[in-house]
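Here's the letter readout for the chains.
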Amino acid sequence: MFNRASFLTRLVASSVKVSETAGGIIKNVMTAGDLKIVNKCDGGYDPQTEADRRAQYCIVQSLQNRYKDLKIIGEEDETTACPEVELGFSEDVLNLESSLNSELRNIKEEDVVVWVDPLDGTSEVALAVKNKNLALLEQVTVLIGIAHKGRAVAGIIHQPYFSENGRTVWAINGCGVHGITPAQSNAKKVVVTTRSHLSESVSSALEALKNKDLADSIEKVGGAGYKVLKVLEGSAAYVFASAGCKKWDTCAPEAVLEAAGGNLTDISGRKIRYDSNIQLNNTGGVLATASWVKHLDYVNSIPDDIKNQLPEVASKK
Ligand SMILES: Nc1ncnc2c1ncn2[C@@H]1O[C@H](COP(=O)(O)O)[C@@H](OP(=O)(O)O)[C@H]1O
Ligand SMILES: [Mg+2]
């Protein structure tokens, strides 16, 4: 069955399993207790742990083992070799093959870019360990986003610390979202935003949304993957009017949210591109909304002066 499936179905089926194995690696590193944290940012703070390094090694090795010529862009430049290579695949994904439209079924390996964030929410891991606040680990996700000709078409969000055994939320364009039942409405409009990268422009955008009755309350949580899970669970929107979030943070969440009827764009409402030669930063910020609110209301309520500070930059500097 695996060998007869289309390239996209096989890649998603593999990626679901690979994300789960990466989640296991993260949990093992946490249990072992030595995170070996390094700061990746000169003059700022962008932590990387042994869990990020091992999880990315496993994801890239596992996918490259099956798909030799696949273009994969991962967050981490430094990785740590680990023995786990995951060659399994999800039967649930294979069973979806007949639901794919012909365009998706004909996707070729050479037109695909896989965007990998092996551990989204690293700052929350560092804080969880420092403050012995393990509840923060719920905000950790493994993100594998699949882009075809620059557009996010499928995504996997694995959440290792959800409940006892974790959960995997995944989607292929037009084929619904799996592993979660998205909320269809909420009397209260909760807007989620960054916990660790607040800035003046983020605060001003949130204030503008409050003034237009588009944000009844604000919740600050970590990780792009976790924030999109919050939107699927009943928050109205995820707003980040700043430029630090990267393509590997948004590719999988965008595909998953859009399969559930929501939207993820930059704060000016422009689609985000995921071509292999693209600028890594989401220079236009991030705006994600649930299926039950109007995306354009949120776009239109963010003041132009904030949008003008966040222009789209399409190609690498
Ligand atoms: N100013 C910044 N500098 C570095 N990374 C940033 C950033 N703003 C956002 N990010 C990245 O975007 C993701 C979501 O951020 P946030 O939780 O603040 O909303 C995080 O991914 P990682 O945890 O994988 O590094 C975070 O590092
Ligand atoms: Mg990230």
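Everything quoted here is computed from the prediction, not taken from an experiment.

Novice: Looking at this model, I keep getting lost on the coordination of the magnesium ion (ligand 2). Mind explaining?
Specialist: Ideal donor angles around a metal are set by the shape: a four-donor tetrahedron calls for 109.5 degrees, a six-donor octahedron for 90 or 180 degrees. Donor atoms from the polypeptide that coordinate the magnesium ion (ligand 2) comprise Asp117 (OD), Asp120 (OD) and Asp249 (OD), at 1.9 to 2.2 Å from the metal. The exposure class assigned to aspartate 120 is buried, which follows from its relative accessible area of 5%. Overall, the relative accessible area of 9% leaves aspartate 249 in the buried class.

Novice: Mind showing me how you'd approach the domain arrangement of the protein here?
Specialist: A common way to state how big an interface is: give the accessible area lost once the parts meet. Assigned domains within the protein: domain 1 (7–178) and domain 2 (190–309). Computed from C-alpha atoms alone, the centre-to-centre distance between domain 1 and domain 2 is 21 Å. Listed per partner, the contact involves 38 residues of domain 1 and 32 residues of domain 2. Each partner contributes to the roughly 2,700 Å² buried at the junction of domain 1 and domain 2, and carbon and sulfur atoms together form 64% of this total. For the interface between domain 1 and domain 2, the tally reads two salt bridges. Summed over the shared surface of domain 1 and domain 2, the number is ten residue pairs in polar contact (both at pLDDT 80 or more). Taken together, the elements giving at least two residues each to the side of domain 1 that touches domain 2 come down to strand 3 (71–74), strand 4 (112–120), helix 5 (122–131), strand 5 (141–148), strand 6 (151–159) and strand 7 (167–172). A total of eight residues in the side of domain 1 that touches domain 2 trace back to one element, the largest contributor, which is strand 6. Looking at the side of domain 1 that touches domain 2, its residues break down into 19 nonpolar, ten polar and nine charged.

Novice: Explanation requested: the pattern of salt bridges in the structure shown.
Specialist: Two side chains of opposite charge can pair, provided their charged atoms sit close to one another. Scanning the model with the defined rule gives twelve salt bridges in all. A salt bridge links arginine 167 to glutamate 233, with the nearest nitrogen and oxygen atoms 2.8 Å apart. Of this pair, arginine 167 sits in strand 7 while glutamate 233 sits in the loop between helix 7 (224–232) and strand 11 (237–240), and the two are 66 residues apart along the sequence. On the basis of relative accessibility, which here comes to 13%, the residue arginine 167 falls in the buried class.

Novice: When you look at the sheet that holds strand 7 in this model, what are you seeing that I'm missing?
Specialist: Within a sheet, neighbouring strands are paired by backbone hydrogen bonds and run either parallel or antiparallel to one another. Judged by pairing direction, the sheet is mixed, and its six strands sit side by side in the order 3-4-5-6-7-8 without closing on themselves. Lying at the two open borders of the sheet, with one neighbouring strand each, are strand 3 and strand 8 (177–178). Pairing of strand 5 with strand 6, which is carried by seven bridges, proceeds in the antiparallel orientation. Bridge pairing in strand 6 links histidine 148 to arginine 151. Relative to strand 5, helix 1 (residues 7–32) is tilted by about 160°, and along the sheet it contacts strand 4, strand 5, strand 6 and strand 7. Sitting on the sheet, helix 7 is in contact with strand 4, strand 5, strand 6 and strand 7, with an inclination near 90° to strand 6.

Novice: In this structure, what is going on with the site of ligand 1? I would like to understand it.
Specialist: Close contacts around ligand 1 come from 19 residues, with Gly121, Thr194, His197, Gly223 and Lys227 the closest. A distance of 3.1 Å separates an oxygen atom of ligand 1 from a polar side-chain atom of aspartate 120. Glycine 244 is positioned such that a nitrogen or oxygen atom in its backbone is 3.4 Å from a nitrogen atom of ligand 1. When the free accessible area of ligand 1 is taken as 540 Å², the share hidden by the protein chains comes to 88%. Among the secondary structure elements, those contributing two or more residues to the shell around ligand 1 are strand 4 and helix 7. Looking at the shell around ligand 1, the element that brings in the most residues is strand 4, giving three residues. Residue composition of the shell around ligand 1, by class: four nonpolar, eight polar and seven charged. Each of two domains, domain 1 (7–178) and domain 2 (190–309), supplies a minimum of three residues to the shell around ligand 1.

Novice: How do you make sense of the packing of helix 7 against helix 8 (residues 247–259) when you look at a structure like this?
Specialist: Any two packed helices are characterised by how steeply their axes cross, that is the angle between the axes, and by the distance between the axes. One can describe the packing of helix 7 onto helix 8 by two numbers: an axis separation of 9 Å at closest approach and a directional angle of 15°. When the interaxial angle is binned, helix 7 and helix 8 end up roughly parallel. Considering how the two elements wind past one another, helix 7 and helix 8 form a crossing that is right-handed. Residues Ala224, Gly225, Val228, Val231 and Leu232 of helix 7 pack against Asp249, Pro253, Val256 and Leu257 of helix 8. Partitioning the contact of helix 7 with helix 8 into residue classes produces seven nonpolar, one polar and one charged.

Rules used throughout
- Residues numbered from 1 in each chain as written.
- Chains lettered and ligands numbered in written order.
- Predicted model: local features only at pLDDT ≥ 70, side-chain atom pairs only at ≥ 80, totals over all residues.
- Heavy atoms only, no water.
- Donors = N, O, S within 2.8 Å, 3.2 Å for Na, K, Ca; no water.
- Buried < 20%, exposed > 50% of the residue type's maximum accessible area, 1.4 Å probe, protein only.
- Domains from an automatic or database assignment.
- Contact = heavy atoms within 4.5 Å.
- Buried area = accessible area lost by both parts, 1.4 Å probe.
- Salt bridge = Lys/Arg side-chain N within 4 Å of Asp/Glu carboxyl O.
- Polar contact = N/O pair within 3.5 Å; in protein donor to acceptor, adjacent residues only side chain to side chain.
- Helix = DSSP H or I, 4+ residues; strand = E, 2+ residues; numbered from the N terminus.
- Nonpolar A, V, L, I, M, F, W, Y, C, P; charged D, E, K, R; others polar.
- Pairing = 2+ DSSP bridges.
- Axes fitted to C-alpha atoms, helices over the stretch in contact; angles between N-to-C directions.
- Near = heavy atom within 4 Å.
- Areas by Shrake-Rupley, 256 points an atom, 1.4 Å probe, with all protein chains shown as cover.
- Parallel < 35°, antiparallel > 145°, perpendicular 65-115°, else oblique.
- Left-handed = near helix turned anticlockwise from the far one by under 90°.

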